[in-house]
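Analysis of the macromolecular model
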Amino acid sequence: PAERSPLENFQVDPREVQHMAPHVLSAAVSSAGSSRHRGDALWRAYSDRALAVQERLTLHDLRLMLKGFADASVRDGALFHKLLASPPWRNDAQRSAGVRQASPRDLCSIAVNLAKLSFTDKAAFRGIGAEVVSHLKVLEAMDLASLANAFSRAGCCDHPVVAALAAEFRVRASSSPKELTPAVVALALTSFAVCLHHDADLWRALLDDVVAPRIPEYSVTQAALIANSVARCADAIPESRSILDAFADHWVATGALERSSNPEDLAYLANTFARLKMSSNAGLNLAFATAALQQLSHFSAWQLALLCGALPHLPSSGREACLLAAAGGAFGDVLQDCSLGHLGLLVGAFGFVRASLAPPLAAALAARICAQAAAAQAAQAEGRGAQQHRVLSSGALGSLLDGIVHLVSPAQSQQVLAALRPLILDLARSGSLRVGTMYSIIGAHAHLQVRDAEFFDAVCAGVAEELAQPSSVLRAERLLVSLGMLNASPERLLLHIDGALLELAPRLTLQEAGQALLAMGVLGFRHVSQRTVAALLGRSRELCQERPPGPRDAARLAAFAHAHDVHSLGPASGDACLAGFAGAQAVAPHKLEPPPPPGLLREVFRALERSFGAGRVAFGRCLHGFQVDLLLSQSGDGDTGARASVAIEVDGPRRFYHGSRDLTGLCRLKESALRSEFGGLVRVGFWEWPAEAAQQDAFLRARLEACGFPAEAARTRGS
């Protein structure tokens, strides 16, 4: 490194600092800051000397001193409080001695440097604002924008100086728009947006008179700042969106995004257009994906999260390639820097394209989510969770749950659900949970067959008020399907779904209507009105007349028809439409329930043949949309009458709820159909099947005798 000059050596020598005059001290601090000198001893010496000569510090001295601290990023809040408790512009002794009084530009510089130092004492900013508010006209445009930015960063948005700055910008936008450069406009609009200063005349003047005529002069970074500002104020000033269309057309025509953007620009711009639902410009959407794909390795965790969270809402031919590339490469590089909110956006986006993660990365993802959830819960317990609540309630939790079941193994997904459970309950108790997130919570539990009735009741109670809002009816049929998979019937939620489905029924596809009807049957039609059932039946009939149902749809409708008859819901049980549903699945059978484990099924089949002889055991008879695993007839003379036969169900883990031996709701409905059709039913659980052939035979004979199957029907091993 180059040798320091004698002057510089003097300025950074703590022994010399204690003897410096105020103007020498301020120059030394400014020089040390611009040279990025570090060292606690040096800056402590500067602070001590500043307090010693505080009464003699001029406004110019204070400005230079704060600039030095800001340049070196040395934050000494105690010193700043003391210096600003009696600032130079209030020093009567200096005023009497003829010392130059506060200039607006010096005050502006002080406010800017305090903001850089994250010193947000409102009393200090109020004092600065009171001094400068009457002198705004003499400041240059960049000084005005910097002052507005300082007050917004300090949280002093309600100070009269903010309104005065807005008025001054409005005047200059009309009288001398060329004075307002792109850098000035970008900084000013960002500041007013942070302050939520929704002066329509101001925004119209800046956007229409200053920005719109000079679109090509704005860099992508400056445009990104303006776009983010517009997004913050879009609800209050909807006409401001038109400037974004102008920027989009310019970028598409010139290729500016692919050529000049950086990761931060792309993240903010994609997020802005997604938030405002401005997704119809296919060229712009493709430019986002293409430009991001070129720079994926340079994205930080938050930038990648913001970009990937936006891309599912911006359809283009390059979207899937960009998200898959991010999942396969950049995601692994930033995973350990991701917060729970970042992970929600990323996991939701990768789940949207069904990305495939390498097993080590999937395991690392699950571990990171669990660790972040534990940290968030600890912060919540210590009273530091307000920010976490805001992030989770904004949809990151819902995105996380929607995507995680497609990215990691079921066992890892179940670990994630367990880790998130305390946070979800905290959100529900605080009223921060949203209906859309509740849908995702129940959907993830249904996908993994994790049944927790007490937890579901708490979640539903947390969204009780929002359930009454009309906007919450979206995806009601999907929520009903999830509840059917869980065999859960929270009354308040089902009543909400019942009303929503009346509105949705005319727009449902046959698959959606059939799934909803089957879920009602699984739940035993609890808290469901006849009117809603009739509406869904009518929609299904209409669609079946237009086009014959496929095997899966026909099976669902046939299973529903059986449940409808079992519960005797009235004259509709004899409807010709239901009869048609019941018969359709016989033409093109489809298995609704999870299949039995193939190896276990073969062993049970062989054991039955050993005990009862060949020809008496049959596979897969169709019944009410289901397929019987095995059917054993009582005699070998070809008698296959239903009442003379016993159904044998071979149950694997997928037929039970996670962590229990409770049959899923769909398997219980199948059991009801089998018991109503055959003379008996035997269930063989995967955990109880013996390993030895003799024990297997004895096990089956005991089960069959218990259900009334005659012991004499069994043949001896030697016959």
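What comes next is a walk through the structure.

About the cut-offs
Residues numbered from 1 in each chain as written. Predicted model: local features only at pLDDT ≥ 70, side-chain atom pairs only at ≥ 80, totals over all residues. Heavy atoms only, no water. Helix = DSSP H or I, 4+ residues; strand = E, 2+ residues; numbered from the N terminus. Buried < 20%, exposed > 50% of the residue type's maximum accessible area, 1.4 Å probe, protein only. Contact = heavy atoms within 4.5 Å. Areas by Shrake-Rupley, 256 points an atom, 1.4 Å probe, with all protein chains shown as cover. Pairing = 2+ DSSP bridges. Axes fitted to C-alpha atoms, helices over the stretch in contact; angles between N-to-C directions. Core = buried A, V, L, I, M, F, W, Y, C linked by side-chain atoms within 4.5 Å. Left-handed = near helix turned anticlockwise from the far one by under 90°. Nonpolar A, V, L, I, M, F, W, Y, C, P; charged D, E, K, R; others polar. Expected span 1.5 Å × (residues − 1). Salt bridge = Lys/Arg side-chain N within 4 Å of Asp/Glu carboxyl O. Disulfide = S-S within 2.5 Å. Phe/Tyr/Trp six-rings, centres within 6.5 Å; stacked < 30°, edge-to-face > 60°. Lys NZ or Arg CZ within 6 Å of the ring centre and 35° of its normal.

A short note on the overall build of the protein chain
Scanning the protein chain from terminus to terminus reveals 36 helices and 6 strands. For the protein chain, with 719 residues in total, the buried portion stands at 53%. A separation threshold of at least 6 residues defines the contact pool for the protein chain, and within that pool the share at least 24 residues apart is 75%. Surface accessibility of the protein chain: about 31000 Å² in total, with carbon and sulfur atoms responsible for 52%.

Structural notes on the pairing of strand S6 (residues 680-685)
The side chains of a regular strand alternate, first on one face of the sheet and then on the other. For S6, the buried fraction is high: 6 of the 6 residues fall into the buried class. Across the two faces of S6 the burial is the same, with Gly-680, Val-682 and Val-684 and Leu-681, Arg-683 and Gly-685 all buried. Alignment of strand S5 (residues 645-651) against S6, held across 6 bridges, turns out to be parallel. Considered in S6, the bridge of Ile-648 is made with Val-682.

Comments concerning the sheet that holds S5
One key point about sheets: their strands pair by backbone hydrogen bonds, in either a parallel or an antiparallel sense. In space, the 4 strands of this open sheet follow the order S1-S4-S5-S6, with mixed pairing throughout. Bordering the open sheet on either side are strand S1 (617-619) and S6, each of which pairs with just one other strand. Each strand of the sheet is rotated relative to its neighbour by a mean of 25°, with strand direction disregarded. Relative to the sheet, helix H36 (residues 693-706) contacts strand S4 (630-633), S5 and S6, its axis offset from that of S6 by approximately 145°.

Observations regarding the nonpolar core
With 217 residues, the main nonpolar core has Tyr-46, Phe-69, Trp-251, Leu-257, Leu-365, Leu-420 and Met-438 as its most contacted residues. Met-438 has contacts with Val-459, Val-463, Leu-467, Leu-479 and Leu-493, leaving out every residue within four places of it along the chain. Ranked by size, the runner-up nonpolar core spans 20 residues in total, among them Leu-600, Leu-608, Leu-632 and Val-684.

Points about the packing of helix H21 (residues 340-352) against helix H22 (residues 359-381)
Contact geometry for H21 and H22: axes closest at 10 Å, N-to-C directions at 145°. Crossing handedness for the pair H21 and H22: left-handed. Residues Leu-340, Leu-343 and Val-347 of H21 form the contact with H22, whose participating residues are Leu-365, Arg-368, Ile-369, Gln-372 and Ala-373. Along the lines of polarity and charge, the residues of the contact of H21 with H22 split into 6 nonpolar, 1 polar and 1 charged.

Some details on the packing of helix H31 (residues 530-546) against helix H32 (residues 551-566)
H32 packs onto H31 with a crossing angle of 145° between their chain directions and a minimal axis gap of 13 Å. Remark: the crossing between H31 and H32 carries left-handed chirality. Taking contact as the criterion, the partners of Val-533, Leu-537, Ser-540 and Cys-544 in H31 are, on H32, Leu-557, Phe-560 and His-564. In terms of residue class, the contact of H31 with H32 is made up of 5 nonpolar, 2 polar and no charged.

Overview of helix H5 (residues 59-71)
Taking 1.5 Å of rise per residue, the 13 residues of H5 would be expected to cover 18 Å, and the 18 Å separating its terminal C-alpha atoms lies within 8% of that figure. Of all 13 residues in H5, 10 are buried, a share of seventy percent or more. What H5 keeps buried is the set Leu-59, Asp-61, Leu-62, Leu-64, Met-65, Leu-66, Gly-68, Phe-69, Ala-70 and Asp-71. Packing partners of the buried residues in H5 comprise helix H3 (22-34), helix H4 (40-52), helix H6 (77-85) and helix H8 (104-116). With its phi angle positive at about 55°, Ser-73 sits one or two positions after the end of H5.

What to know about the pattern of salt bridges
Inspection of every chain in the model, using the stated rule, returns 29 salt bridges. For Asp-199, the salt bridge is made with Arg-170, and the minimal N-O distance between the two is 2.5 Å. With Asp-199 in the loop between helix H12 (182-194) and helix H13 (200-211) and Arg-170 in helix H11 (residues 160-175), this pair connects stretches of sequence that are 29 residues apart. The shortest N-O distance in the salt bridge between Asp-629 and Lys-670 comes to 3.6 Å. Highlighted residues: Asp-629 in the loop between strand S3 (626-627) and S4 and Lys-670 in helix H35 (residues 665-677), separated in sequence by 41 residues. In this pair, the class of Asp-629 matches that of Lys-670, namely buried. Shared partners join several salt bridges into a network, and the residues in it are Lys-591, Glu-593, Asp-629, Glu-649, Asp-651, Arg-655, Lys-670, Glu-671, Arg-675 and Arg-683.

What to know about the environment of Asp-201
Along the chain, the position of Asp-201 falls in helix H13. For the pair formed by Asp-201 and Ala-167, sequence separation is 34 residues and the distance between their alpha carbons is 9.4 Å.

Observations regarding the side chain of Asn-285
Looking at the element boundaries, Asn-285 is found in helix H18 (residues 282-294). Assessed through its relative accessible area of 1%, Asn-285 is described here as buried. Discounting residues that sit within four places of it in the chain, Asn-285 has contacts with Ser-279, Leu-314, Pro-315 and Ser-316.

Overview of the state of the cysteines
Taken as a whole and judged by the stated rule, the model has 0 disulfides. Between Cys-233, a free cysteine, and Cys-195, which holds the nearest cysteine sulfur, the sulfur-to-sulfur gap is 9.9 Å. Exposure remark for Cys-233: the relative accessible area of 1% places this residue in the buried category. Free cysteine Cys-338: the closest other cysteine sulfur is in Cys-308, separated by 9.7 Å.

Some points on the pairing of S5
A large share of S5 lies buried, amounting to 7 of its 7 residues. By the bridge criterion, 4 bridges tie S4 to S5 in an arrangement that is antiparallel. Directly across from Leu-632, in S5, lies its bridge partner Val-646.

Structural notes on the packing of aromatic side chains
Considering all chains together, one arrives at 18 aromatic pairs under this definition. Ring geometry for Phe-125 and Phe-151: centres 5.4 Å apart, planes at 80°, overall edge-to-face. Note that Phe-125 is positioned in helix H9 (residues 122-132) and Phe-151 in helix H10 (residues 141-153), a separation of 26 residues in sequence. Per residue, the accessibility class of Phe-125 equals that of Phe-151, and both read buried. An aromatic cluster of three or more residues is present, and its members are Trp-43, Tyr-46, Phe-69, Phe-80 and Phe-119. The ring of Tyr-657 carries Arg-451 above its face, with NZ or CZ at 5.5 Å from the centroid.

Here we look at unusual backbone geometry
The phi angle at Ser-118 is positive, at roughly 55°, despite the residue not being glycine. Mapped onto the fold, Ser-118 is located in the loop between H8 and H9. With a relative accessible area of 45%, Ser-118 lands in the partly exposed category. Of note, the phi angle at His-624 is positive, near 50°, even though the residue is not glycine. Position of His-624 among the secondary structure elements: in the loop between strand S2 (622-623) and S3.

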